[in-house]
Amino acid sequence: MSTFALDQIHQQLPEALVERYVDRAGDAWGVIKPEHIPHVAKLLKERLGFRMFISMDGVDRLHLPPEEQEPRFEVLYFLRNVERNELVRLKVRVAEGAEVHSIRSIFQGANWGERFVWDFYGVPFKGHGDLRRILMYEEFKGHALRKDYPLRGRQGLMPERPLKDIFRGPGTNGVAD
């Protein structure tokens, strides 16, 4: 558990940290204001040594008790400092339709994570540049991990698209037989 990183965020960017808490498993979390996540990510990477982007995910808070439902979504970030063997857990709470600033320019690995959160939860990332579906097909309507997506929601099958060029793997020399 890295309280060091949360202490440093509190000291160097006090306006960014909204809340700190420890969850049931004993892990420390920091809640960051959405507009400050790029500054916090840059501080963690460049000054505090959290250079490894582990992952990110989303949470739909729709079915929580009414006092905890707003804002509706949380975007979770997990970063590691390999030298100190510390993991920092951050979250950004965002209302439906609101954007979160992208950290793709700071952590290249965030590209996949931001596209995943957009694809499955519908949370857009401002400044991402290539925000398109990553696991669902382009014609899919809605966002499959939202709590208001129908449990047995079915969508029509899409016709197969023609593929122009397929790389067949090692040993392919491109010469037609």
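Worth saying up front: this structure is predicted, and the values here are computed from it rather than measured. (Residues numbered from 1 in each chain as written. Predicted model: local features only at pLDDT ≥ 70, side-chain atom pairs only at ≥ 80, totals over all residues. Heavy atoms only, no water.)

A. Structural detail: the overall build of the protein. Counting its secondary structure elements, the protein contains three helices and seven strands. Ordered by position in the sequence, the α and β elements of the protein form the string α-β-β-α-β-β-β-β-α-β. The buried share of the protein, reckoned over its 177 residues, is 40%. Residue pairs in contact within the protein that sit at least 24 positions apart in sequence constitute 52% of those at least 6 positions apart. (Helix = DSSP H or I, 4+ residues; strand = E, 2+ residues; numbered from the N terminus. Buried < 20%, exposed > 50% of the residue type's maximum accessible area, 1.4 Å probe, protein only. Contact = heavy atoms within 4.5 Å.)

B. Region of the structure containing the pairing of strand E1 (residues 17-22). Looking at chain direction, E1 and strand E2 (residues 28-32) are connected through five bridges and run antiparallel. In the strand pairing of E2, Val 22 is matched with Ala 28. The loop that links E1 with its antiparallel partner E2 comprises five residues; one of these, Gly 26, has a positive phi angle of about 90°. (Pairing = 2+ DSSP bridges.)

C. Geometry of the nonpolar core. If you look at the biggest cluster of nonpolar residues, it comprises 36 residues, and the most contacted ones within it are Leu 44, Tyr 77 and Leu 90. Listed by contribution, the elements that provide at least two residues to this core are helix H1 (3-12), E2, helix H2 (37-46), strand E3 (52-60), strand E4 (73-81), strand E5 (86-94) and helix H3 (110-121). If near-sequence neighbours (up to four positions away) are discounted, Leu 44 is found in contact with Ala 5, Ile 9, Gly 49, Phe 50, Leu 79, Val 88 and Leu 90. (Core = buried A, V, L, I, M, F, W, Y, C linked by side-chain atoms within 4.5 Å.)

D. How the structure looks around the packing of aromatic side chains. Applying the stated rule across the entire model yields six aromatic pairs. Arranged with centres 5.9 Å apart and planes meeting at 35°, the rings of Phe 53 and Phe 107 form a pair that is tilted. Here Phe 53 is found in strand E3, whereas its partner Phe 107 is found in the loop between strand E6 (100-101) and H3, with 54 residues between them in sequence. By the burial criterion, Phe 53 is buried, and Phe 107 matches it. Joined through ring pairs, the aromatic side chains of Trp 112, Phe 116 and Phe 120 make up one cluster. If you follow Arg 84 out to its NZ or CZ, it ends over the ring of Phe 4, 3.8 Å from the centre. (Phe/Tyr/Trp six-rings, centres within 6.5 Å; stacked < 30°, edge-to-face > 60°. Lys NZ or Arg CZ within 6 Å of the ring centre and 35° of its normal.)

E. Molecular detail of the pattern of salt bridges. The full count for this structure, using the stated rule, is 16 salt bridges. Among the salt bridges present, the one from Arg 72 reaches Glu 96, with a minimum N-O distance of 2.9 Å. Of this pair, Arg 72 sits in the loop between E3 and E4 while Glu 96 sits in the loop between E5 and E6; the two residues are 24 residues apart in sequence, bridging distant segments of the chain. One salt bridge in this structure joins Glu 74 and Arg 93, with 3.0 Å as the shortest N-O distance. One end of the pair, Glu 74, is in strand E4; the other, Arg 93, is in strand E5, and 19 residues separate them in sequence. Taking the relative accessible area as the measure of exposure, Glu 74 reaches 6% and is therefore buried. What makes Arg 93 partly exposed here is its relative accessible area of 23%. Through salt bridges with shared partners, a single network forms among Glu 19, Arg 61, Glu 74, Lys 91 and Arg 93. (Salt bridge = Lys/Arg side-chain N within 4 Å of Asp/Glu carboxyl O.)

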